[in-house]
Amino acid sequence: MIRIDKVMLAAAVSCAALAGAARADGTVEVLHWWTSGGEAKAVGELKKAFEAEGGTWVDSPIAGGGGDAAMTALRARVMAGNPPTAVQLKGPGIQEWAEQGALNNVQDVAEAGNWDKVLPPALASIMKYEGKYVAAPVNIHRVDWIWGSPEALKKAGVEAMPTTWEEFNAAADKLEAAGLIALAHGGQPWQDATLFETVVLGVGGADFYRKALVELDDAALRSDTMVASFDQLRKLRGYVDPNFSGRDWNLATGMVMRGEAGFQIMGDWAKGEFLAAGKVPGEDFLCAPTPGKGFILNSDSFTFFKVSGDDNIKGQKVLARLIMSPEFQKVFNMAKGSIPARTDVPLDDFDSCAKRSHEDLLAAIENDTLVPSMAHEMAVPRSVRGEFLDLVTQFFNSDMSSQDATTRLADAVQRAM
Ligand code: GAL
């Protein structure tokens, strides 16, 4: 009897120790949409780092590029009074949730880690609500990229990546003449909007982009420049293969990888796919900015929802600290295709596309041509973004004229404001 008591006591003590250890190192349930090859590899680095500190990671992936499905799931969880501890969220969405009182802040972690000193001020302000950090940024993605297949381009006699939309169209015509798909694309609203915003930047320039897609200036939205942007989008629609509808973005990347298609226009998470497949930039695939001067910014970040319990709060703080550690920012971004959000992480080990991204980012800051992504929720409230996505997708999937699209878009944005 005594022996059994001792055994039971020992078991109870060791259980308590284990539970204590788990509590001490925190638990996080992380809601995210990183399910493609490159994305999963990148988020796996965060899980690894968190678990290495003894934390418990509960993974809640919601598949669907661009995160629209994840955001729907998030709303349902919050409505049910059961928010996840950490959520991949960005741009104005952070402020929207903070205004509703849904977020915890991690200001103590931010102060201890000097976040104000190591983040670009424009990014830091997106992460703060009422002067306190409620989010931690993991990266800087660039949206305005063209990915090219050297093999397909060679077959079609295209010598270089295009630098103007005229050159793009001419190269696309050659690819088609060679029996190849010119533009690998997935017909999903956020992907259509991704094409659209790169075209708006290319056709109208950064000032026009800002007026139309950020400030929602009515005159810009109704201008001839917007009509010309829709004209180029119509051209792009013509270069897409018949099976584009509903295709996931990473499958489109696969078409470029296999040399079936010449180009994909997509943010540099596409590079994460090439890298995860062991492909080398400059050899197996090419990267070049889409035509036009500027840099469309998309930064991923994690927010910390209002949860209770020491274990969860501890988890949020540990996660925030890890996300902003230079070591994590390096390994994560080398897998994700992006560059670090921190300005003090050396890029020596990064590939040539990442280095180009960094150079162009600095130049864009200098020339005031850095613009936030509308399609990727960095620029306007979700309700307004929804109007853009609906209209652009309708245009893409019908024979709507550019003039009609321009007027309907401006009307829709006005209604949503
Ligand atoms: C973006 C997100 C990226 C990315 C992409 C496709 O909105 O910022 O990290 O992975 O969606 O899912």
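Use the structure listed above.
To start, this report covers the structure provided alongside it. As the structure is a prediction and not an experimental result, all values here were calculated from the model. (Residues numbered from 1 in each chain as written. Predicted model: local features only at pLDDT ≥ 70, side-chain atom pairs only at ≥ 80, totals over all residues. Heavy atoms only, no water.)

On to the pairing of strand 10 (residues 261–265). Across a regular strand the side chains alternate sides, sitting on one face of the sheet and then on the other. Most of strand 10 sits inside the fold, with 5 of its 5 residues counted as buried. The pairing of strand 8 (residues 145–148) with strand 10 spans 3 bridges and is classified as antiparallel. Each residue of the ladder has a partner; that of isoleucine 146, found in strand 10, is isoleucine 265. Looking at chain direction, strand 9 (residues 181–183) and strand 10 are connected through 2 bridges and run parallel. Bridge pairing in strand 10 links leucine 183 to phenylalanine 263. (Buried < 20%, exposed > 50% of the residue type's maximum accessible area, 1.4 Å probe, protein only. Helix = DSSP H or I, 4+ residues; strand = E, 2+ residues; numbered from the N terminus. Pairing = 2+ DSSP bridges.)

The subject of this paragraph is the side chain of glutamine 329. Within the fold, glutamine 329 resides in helix 16 (residues 326–336). A distance of 3.0 Å separates a polar atom in the side chain of glutamine 329 from the backbone oxygen of proline 137. Among the polar contacts listed, one links the side chain of glutamine 329 to the backbone nitrogen of arginine 342, at a separation of 3.1 Å. Glutamine 329 has contacts with Pro137, Val138, Ile323, Met324, Pro340, Ala341, Arg342, Val345 and Phe350, leaving out every residue within four places of it along the chain. (Polar contact = N/O pair within 3.5 Å; in protein donor to acceptor, adjacent residues only side chain to side chain. Contact = heavy atoms within 4.5 Å.)

A few words on the pattern of salt bridges. Tallying each qualifying case throughout the model produces 24 salt bridges. The salt bridge involving aspartate 360 is made with arginine 142; its shortest N-O contact spans 2.8 Å. Here aspartate 360, found in helix 17 (residues 352–367), pairs with arginine 142, found in strand 7 (residues 139–142); they are 218 residues apart in sequence, far enough to count as distant. For arginine 210, the salt bridge is made with aspartate 368, and the minimal N-O distance between the two is 3.4 Å. Taken together, the residues span a long stretch of sequence, with arginine 210 in helix 10 (residues 189–214) and aspartate 368 in the loop between helix 17 and strand 15 (370–372) at a distance of 158 residues. Overall, the relative accessible area of 49% leaves aspartate 368 in the partly exposed class. Connected through shared salt-bridge partners, Asp68, Glu377, Arg382 and Arg385 make up one network. (Salt bridge = Lys/Arg side-chain N within 4 Å of Asp/Glu carboxyl O.)

Further remarks concern helix 2 (residues 37–52). Three or four residues apart is the spacing at which side chains of an α-helix point the same way, because the helix has 3.6 residues per turn. A rise of 1.5 Å per residue sets the reference length of helix 2, with its 16 residues, at 22 Å; its end C-alpha atoms lie 22 Å apart and thus fit the reference within 8%. Among the residues of helix 2, those classed as buried are Gly38, Glu39, Ala42, Val43, Glu45, Leu46 and Phe50. Each buried residue of helix 2 sits inside an arc of 130° when the element is viewed along its axis, so together they form one side. Facing away from the buried side of helix 2 by over 90 degrees, the exposed positions are Lys48 and Ala52. Just downstream of helix 2 lies glycine 54, where phi reads positive at about 90°. (Expected span 1.5 Å × (residues − 1). Arc of directions from axis to C-beta.)

Its identity is not glycine, yet asparagine 114 carries a phi of approximately 55°, on the positive side. Tracing the sequence through the fold places asparagine 114 in the loop between helix 5 (107–112) and helix 6 (115–118). Exposure remark for asparagine 114: the relative accessible area of 41% places this residue in the partly exposed category. Within the chain, glutamate 377 stands out as a residue other than glycine whose phi angle is a positive 65°. Turning to its location among the elements, glutamate 377 is positioned in the loop between strand 15 and helix 18 (382–396).

This part takes up empty space enclosed by the protein. Rolled over the atoms, a probe sized like a water molecule indicates the empty space that remains. All told, the structure shown has 1 cavity of 30 Å³ or more when counted by the stated rule. Of the pockets and cavities examined, the largest cavity occupies roughly 110 Å³. Lining the largest cavity are 14 residues; nearest its centre among them are Trp33, Glu39, Gly66, Trp269 and His376. Among the residues forming the lining of the largest cavity, the class breakdown is 5 nonpolar, 5 polar and 4 charged. Counting the residues that make up the lining of the largest cavity, at least three belong to each of domain 1 (6–141 + 299–357) and domain 2 (145–297 + 370–416). (1 Å grid on protein atoms, 1.4 Å probe; cavity = no way out; pocket = protein on both sides within 12 Å on 5 of 7 lines; lining within 4 Å. Points joined across faces, edges and corners; volume = space filled by probe spheres on them. Nonpolar A, V, L, I, M, F, W, Y, C, P; charged D, E, K, R; others polar. Domains from an automatic or database assignment.)

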